[in-house]
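Per-entry structural report
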Amino acid sequence: MLVHIYSTKIDYEFELDDKITLVSNESWLGEHILIKMISDSYNEPNAVHDESDIRCYYYMKGRYFELEKYLKVDKQNITFIQDFDEIFEYEDFLERIKDSEYYFVLFTRDVKDPSRPIRKMVVDEDKTTKNKIYITLEKPV
């Protein structure tokens, strides 16, 4: 599943191979900007473009999020959840989404289980040209 969200300054592009992708990164490396760009893609489609394979949605910390109601929406999408560990326990989350067709990108700073594959955001220096920054997710080891 391809995720590609970009503006004139920043370009996020990465593949999601699994239904759930865990991302852990340093504070302010790009998570908040990506979440903001997903939000802006609704309101400013000429400034922020979402060319992902399916529509991206987001949940930002501090907003009300009722997972079961959300999962009843009859369309496939990619959902980005910020500060995941403050909202859900991982095993409980897996149980609650097991029948959904959605893809989830879960941002966490608290990696409790090192056996889970965790991806990190990476600024791609090789593609950085003309003041544009390219950000990808590294493949888990």
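To keep things clear, this report deals only with the structure shown in the data block. (Residues numbered from 1 in each chain as written. Predicted model: local features only at pLDDT ≥ 70, side-chain atom pairs only at ≥ 80, totals over all residues. Heavy atoms only, no water.)

**Observations concerning the sheet that holds strand β10 (residues 133-137)**
Which entries qualify depends on this criterion: Pairing between two strands requires that DSSP report at least two bridges joining them. Counting from the N terminus, the helices are the DSSP runs of H or I reaching at least four residues and the strands are the DSSP runs of E reaching at least two. Throughout, a contact is declared for two residues whenever any of their heavy atoms are within 4.5 Å. To obtain each axis, a line is fitted to C-alpha atoms, and for helices this fit is confined to the stretch in contact; angles are then taken between N-to-C directions over 0 to 180 degrees.
Taken in spatial order, the five strands line up as β4-β1-β2-β10-β9 in an open sheet, and their pairing is mixed. Lying at the two open borders of the sheet, with one neighbouring strand each, are β4 (49-50) and β9 (121-123). In this sheet, β10 lies alongside β9 in antiparallel orientation, the contact comprising three bridges. Each residue of the ladder has a partner; that of V122, found in β10, is T136. Helix-sheet contacts for helix α1 (residues 31-43) involve β1 (2-6), β2 (10-15), β4 and β9, and the interaxial angle to β2 is about 95 degrees.

**Structural notes on the pairing of β1**
Formally: A 1.4 Å probe rolled over the protein chains alone gives each residue an accessible area, and that area as a share of the maximum for its type sets the label: buried under 20%, exposed over 50%, partly exposed in between.
Most of β1 is tucked away: four of the five residues are buried. Here five bridges tie β1 to β2, and the two strands are oriented antiparallel to one another. Counterpart to I5 in the pairing with β2 is Y12. In this antiparallel pair of consecutive strands, β1 and β2, the connection spans three residues. In this structure, β1 lies alongside β4, joined through two bridges in antiparallel fashion. Residue pairing in the sheet places I5 in a bridge with D50 of β4.

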